[in-house]
Amino acid sequence: MRQSELDKEMIELGKERYWSKVNRTKDTEVETYSPVAKRLLGESIELLEASIKDWIVYSETGPGRKHRVLPYFYMLPTDLMAALTARTVLDGISQRRTLTAIAVRIGQYLEDEYRFRKIQEEEPDLWATLFSTVNNNGGYVSKRRYIHKTAKAAGIILPRWRTKDTCAVGIVLIELMREATGLIDIETFTNMFGRSTTTVQATDDLMLWLKEAHAIHEILRPVFMPMVVKPMPWQSIYIGGYHAEELRRRPLVKSYDAAYLQDLNEISMPAVFKAIGHIQDTGWEVNNEILLTMQYSYENNSAMGDLPSNTEHELPPRPEDWDTNEPAQKQWRRQASQTHRMNLQDRSKRLQLAKVLYLANKFSDEEFHYPQQLDFRARTYPVPQYLQPQGPDWAKGLLRFSKGAPIETQDDANWLAFQAANTWGLDKKPIQERLEWAWSNEEMFRKIHQDPLEYIQWNTADKPWQFLAAAMEMGEFFEQGYGYVSSLPIAQDASNQGLQIYAMLLRDPEAAYYTNVTPSDTPQDLYQIVANTVIEKLKLSDHPFAQKWVEFGITRKTTKRQTMVLPYGSTKQSCKDYTVEWFKEEVFRKRRDNPFGKEVFRPCIFLSDLIWDSIGDSVTSARMGMDWLRSVARICMDNDVTPMWSVPSGFLVKQLYEKQAKYEVKTSIGGKIRRHRLQRGRGENSARKNINGICPNFVHSLDASLMMRTVNLAAFNGVDQFSMVHDSYATTAAHSGILNTCLKTATVEHFKKNLLEDFSKQISVLLPIGITLPEIPYVGGLNIEDVLESQYYFA
């Protein structure tokens, strides 16, 4: 395979995908969803709304009789009328449609809106039920029919517009749109049968504009795939990655802020470019043994390794006494709804898996590379999608390094054993227990290696496809012994990197211990520690919910998500939401009995308060750090300052969250209509987004900087294969010990300075003279060098 041919294929596939989407919108008459028509929609709504307002004023004050449809224009907001009219006219703009047909459709949409708003005003409870029922089910016609039928059954008489007036309202709006926008023509012609027909169609200027706009957009959307040659080293923000100019249209950093990109381009960032270069230079290949197993399992619908079904799940048979047994009807509908939901989920997973398998087969005999791109925090991502090292379990299981390294020592072999044990599900166990499990299962590994389709114990692993890849290599190692060349990426994962970073920033010994920054004999599981604290609080509580929660069972899964997201800006409300989500999963999906009867929210709110307090008991420093960061962001917003800071790698972070000039019209059953032209920053900082975003963005910028320092130090020490996923670092088994040592050394170098103080100084420079920031939180006595002795910091 030649790279030049692959480049052409990426561009052509992009064009095919683009036009497939455009043609789909034409066929279904929803052209306003195509990329170029979104802009037309926004401009049209703005102009048409102004025209409607002018027409109302003229009709009220002008000479002669008032127009007969004027009363209808008082019934609905002008922005809603403009939005519905513009979308109805522009959907299908490339086709000739009769004026009457479009006018009637517009009038019906507006009449429906008026009717449903009446229900909403007069019967709000009934409307809430109706809306929740139809909102995500079916199309417009079926929703409309259901609402009408239900309203009639409830004895509600919906107002009706006269048919002639409905059409007349539509005709007036179409004419106003023609005058206001110049996008459409209204023409009358005589057909072959001598009948006169009036149509609405796009103007010649509009069709030319659409053609030119489509020609530009079709080349801006290539289907990015891996490269069969090494990517171009990044020489600046704009030059690097793909070699072909048609593909090299993306800068290194994903941002629409041209000024920010220019600032980055003028900054010296050798450490950043070096680290990206090492990651891009890593060669990959498809693990063909895993590919054959995966394809066989999927084609035979064996549901191995959490693969989706390759066929639709069949609906359950209807009960024989369907017409007379109402409880049986309800049960069948519930089961049918679950089946539909599973089919919907499987369709999405099938599509993703199909793309992964297509790429795996395409590159099955090739060495390939992944061009990289950064976000504004400097987090690193492969540009190609689907088959890539940051994908789901089945994608990761298909990939291995193209250049392996021989396992020469027991330490090297132990890293391979770690990968097997961790992907099996023992990643929270002590190191010795993991190793004992791996080395005592030689027979299982040998059998899996000999025939993974016959010996399928791997299917029960926590990460089945990554475990299968590890098991196959373990089986091969048992056959060959030392000298076996292993090319499997061996992952070392942080236990909770966000909280680890806060512990090191604030030198908090307790938080550092709970997050495995400092040495311990066994791995500390913060999620279980919080769960244990919650259990103790429940046992001491005399609240009527407390004992029922103890009996229901509080596990690490109960508290995992609430604890995990804390360093990224979690709030007490989000803690409640995650607790409710967990409980619903247990009761509705796992079909456990609800000890609280039909109640869900009150018991979960009670429990979430205990979880929130228990998290604070364990990681007080994180809360202090987050509160301080939010106060800094609040001061920036009060003074209209965009937060910017440099991290140790030299990368400049700019947190730009602007208020959006977004215009949104909510229709009763038609979803939302947006003016996409105005979906852009107004030049004003959004206080809410900046305050909420400062905590996760600051932490992510530091974890990205640490990753780059680690990559460069490891490369200096001979490591040349890298698979980096934010808080999970991987290389070959033979080099994993070096990577682990470099990671800890880089951590000491990275956090030995007071990074919060540096951050405070950088923000202070941006603020007006006289504005001061609050003092940074108390810094404890943690010795950062203790991380050098920690076995479980990344493990």
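Data block above holds the structure.
Residues numbered from 1 in each chain as written. Predicted model: local features only at pLDDT ≥ 70, side-chain atom pairs only at ≥ 80, totals over all residues. Heavy atoms only, no water.

Undergrad: So, the overall build of the chain: which residues are in play, and what are the values?
TA: When its secondary structure is counted, the chain shows 29 helices and 18 strands. At 31 Å, the chain has a C-alpha radius of gyration in line with the 28 Å of a compact globule built from 795 residues. When the backbone C-alpha atoms are referred to their principal axes, the chain occupies close to 95 × 70 × 65 Å. Every one of the 795 residues in the chain was classed for burial, and the buried ones make up 51%. Of the roughly 37800 Å² of accessible surface on the chain, a fraction of 50% belongs to carbon and sulfur atoms. Computed over 96 positive and 100 negative side-chain charges, the inter-centroid distance for the chain is 7 Å. (Helix = DSSP H or I, 4+ residues; strand = E, 2+ residues; numbered from the N terminus. Rg over C-alpha atoms; globule rule 2.2 N^0.38 Å. Buried < 20%, exposed > 50% of the residue type's maximum accessible area, 1.4 Å probe, protein only. Areas by Shrake-Rupley, 256 points an atom, 1.4 Å probe, with all protein chains shown as cover. Lys, Arg positive; Asp, Glu negative; His and termini not counted. Charge placed at Lys NZ, Arg CZ, Asp CG, Glu CD.)

Undergrad: Account for a positive patch on the surface, naming residues and giving values.
TA: Taken together, the side chains of Lys 428, Lys 463, Lys 557 and Lys 560 make up a positively charged region of the molecular surface. In this structure, Lys 428 sits in the loop between α15 (410-426) and α16 (431-439). Of the residues examined, Lys 428 reaches a relative accessible area of 36% and is grouped as partly exposed. (Patch = residues over 30% accessible without salt bridge, like charges linked within 9 Å, V, L, I, M, F, W, Y side chains within 5 Å. Salt bridge = Lys/Arg side-chain N within 4 Å of Asp/Glu carboxyl O.)

Undergrad: I'd like a rundown of unusual backbone geometry, residues and numbers included.
TA: One non-glycine residue, Asn 301, adopts positive backbone phi at about 55°. Turning to its location among the elements, Asn 301 is positioned in the loop between α12 (288-299) and α13 (326-362).

Undergrad: I'd like a description of the sheet that holds strand β17 (residues 723-724), backed by residues and values.
TA: A sheet is described by the order of its strands in space; here three strands give the open sequence β10-β18-β17, paired in antiparallel fashion. Strands at the two margins of the open sheet, each flanked by one partner only, are β10 (490-493) and β17. Two strands pair when backbone bridges link them, and β10 and strand β18 (residues 728-731) are joined in this way by four bridges, in the antiparallel orientation. Bridged to Asp 493 within β18 is Ser 728. Sitting on the sheet, helix α27 (residues 687-716) touches β17 and β18, and the angle it makes with β18 is about 15°. (Pairing = 2+ DSSP bridges. Contact = heavy atoms within 4.5 Å. Axes fitted to C-alpha atoms, helices over the stretch in contact; angles between N-to-C directions.)

Undergrad: Can you lay out the pattern of salt bridges for me, pointing to particular residues and giving the numbers?
TA: Within the structure shown, the criterion is met by 26 salt bridges. Among the ionic pairs, Glu 442 bridges to Arg 446, the shortest N-O distance being 2.8 Å. In this pair, Glu 442 and Arg 446 both sit in helix α17 (residues 442-450), four residues apart, roughly one turn of the helix. Judged by its relative accessible area of 30%, Glu 442 falls in the partly exposed class. With a shortest N-O distance of 3.2 Å, Glu 443 and Lys 447 are connected by a salt bridge. Highlighted residues: Glu 443 and Lys 447, both in helix α17, separated by four residues, approximately one helical turn. According to the relative accessible area criterion, Glu 443 is exposed, its value standing at 56%. Looking at Lys 447, the relative accessible area reads 34%, which means it is partly exposed. What emerges from the salt-bridge pattern is a single network uniting Glu 111, Asp 112, Arg 115 and Arg 144.

Undergrad: Lay out the packing of aromatic side chains in plain terms, naming residues and giving numbers.
TA: A complete count under the given rule lists 39 aromatic pairs for this structure. Both rings, one in Phe 445 and one in Phe 467, keep their centres 6.2 Å apart while their planes meet at 45°; by these two values the pair is tilted. With Phe 445 in helix α17 and Phe 467 in helix α18 (residues 464-480), this pair connects stretches of sequence that are 22 residues apart. Like Phe 467, Phe 445 is buried. An aromatic cluster of three or more residues is present, and its members are Trp 424, Trp 437, Trp 439, Phe 445, Phe 467, Phe 477, Phe 478 and Tyr 482. Above the plane of the ring of Trp 332 lies Arg 318, whose end atom (NZ or CZ) is 5.0 Å from the centre. Just above the ring of Phe 552 sits the side chain of Arg 592; from NZ or CZ to the centre is 3.8 Å. (Phe/Tyr/Trp six-rings, centres within 6.5 Å; stacked < 30°, edge-to-face > 60°. Lys NZ or Arg CZ within 6 Å of the ring centre and 35° of its normal.)

Undergrad: Report on the nonpolar core, specifying residues and quantitative values.
TA: With 103 residues, the main nonpolar core has Val 253, Leu 505, Leu 538, Trp 549, Phe 583, Phe 651 and Phe 759 as its most contacted residues. With twelve residues, α27 is the largest single contributor of residues to this core. With residues near it in sequence (within four places) discarded, Leu 505 still touches Phe 698, Leu 702, Phe 751, Leu 755, Leu 756 and Val 779. If you look at the next biggest cluster of nonpolar residues, it comprises 67 residues, including Ile 11, Tyr 242, Ile 407 and Phe 418. (Core = buried A, V, L, I, M, F, W, Y, C linked by side-chain atoms within 4.5 Å.)

Undergrad: Give a description of the side chain of Arg 623 that names residues and reports values.
TA: With respect to the helices and strands, the residue Arg 623 is situated in helix α26 (residues 620-638). Despite its burial, Arg 623 remains without a salt bridge, the nearest opposite charge being carried by Asp 613 at 5.9 Å. Arg 623 has contacts with Leu 566, Trp 612, Ile 615 and Gly 616, leaving out every residue within four places of it along the chain.

Undergrad: Can you break down the sheet that holds strand β1 (residues 97-98) residue by residue, with the values?
TA: With respect to topology, three strands assemble into an open sheet ordered β1-β3-β2, the strand pairing being antiparallel. Each of the sheet's edge strands pairs with one partner strand only, and the pair in question is β1 and β2 (184-190). One ladder, built from seven bridges, connects β2 with strand β3 (residues 196-202); its direction is antiparallel. Bridge pairing links Thr 190 to Ser 196 in β3.

Undergrad: Could you give an account of the packing of α15 against α18, naming the residues involved and the relevant values?
TA: Axis separation between α15 and α18 bottoms out at 8 Å; the angle between their running directions is 145°. In the crossing of α15 with α18, the sense of the turn from one axis to the other is left-handed. In this structure, α15 uses Ala 413, Leu 416, Ala 417, Gln 419, Ala 420, Thr 423 and Trp 424 to contact α18, whose residues at the interface are Gln 466, Phe 467, Ala 470, Glu 473, Met 474 and Phe 477. Broken down by class, the residue content of the contact of α15 with α18 amounts to nine nonpolar, three polar and one charged. (Left-handed = near helix turned anticlockwise from the far one by under 90°. Nonpolar A, V, L, I, M, F, W, Y, C, P; charged D, E, K, R; others polar.)

Undergrad: With reference to specific residues and values, describe the environment of Leu 756.
TA: Relative to the assigned elements, Leu 756 resides in helix α29 (residues 755-766). When its relative accessible area of 3% is taken as the criterion, Leu 756 is described as buried. A C-alpha to C-alpha distance of 6.8 Å links Leu 756 and Leu 505, two positions 251 residues apart in sequence. With sequence-adjacent residues up to four places away left out, Leu 756 is seen in contact with Leu 505, Leu 506, Trp 628, Phe 698, Ile 776 and Pro 777.

Undergrad: Quick one: what's the story with α13, residue by residue and with numbers?
TA: Since the α-helix advances by 3.6 residues per turn, residues separated by three or four positions end up pointing in the same direction. In this model α13 runs 53 Å from its N-terminal to its C-terminal C-alpha over 37 residues, within 8% of the 54 Å that 1.5 Å per residue would give. Between a side-chain oxygen at the N-terminus of α13 and the backbone nitrogen of Ala 328 the separation is 3.0 Å; the capping residue is Asn 325. (Expected span 1.5 Å × (residues − 1). Polar contact = N/O pair within 3.5 Å; in protein donor to acceptor, adjacent residues only side chain to side chain.)

Undergrad: Summarise the packing of helix α23 (residues 556-564) against helix α25 (residues 601-618); cite the residues concerned and give the values.
TA: Where α23 contacts α25, the axes come no closer than 10 Å and their chain directions differ by 60°. Classified by the interaxial angle, the pair formed by α23 and α25 is oblique. For the pair α23 and α25, the sense of crossing is right-handed. Counting all contacts with α23, which are made through Thr 558, Thr 559, Gln 562 and Thr 563, the residues of α25 involved are Leu 607, Ile 611 and Ile 615. (Parallel < 35°, antiparallel > 145°, perpendicular 65-115°, else oblique.)

Undergrad: I'd love a proper account of the environment of Leu 173, names of residues and values included.
TA: Tracing the chain through its elements places Leu 173 in helix α8 (residues 163-181). In this structure Leu 173 comes out as buried when scored by relative accessible area, which is 0%. Here the alpha-carbon distance between Leu 173 and Ile 52, two residues 121 residues apart in the chain, equals 7.7 Å. Beyond its immediate stretch of four places on either side in the chain, Leu 173 contacts Leu 48, Ile 52, Phe 73, Met 81, Thr 85, Ile 106 and Leu 110.

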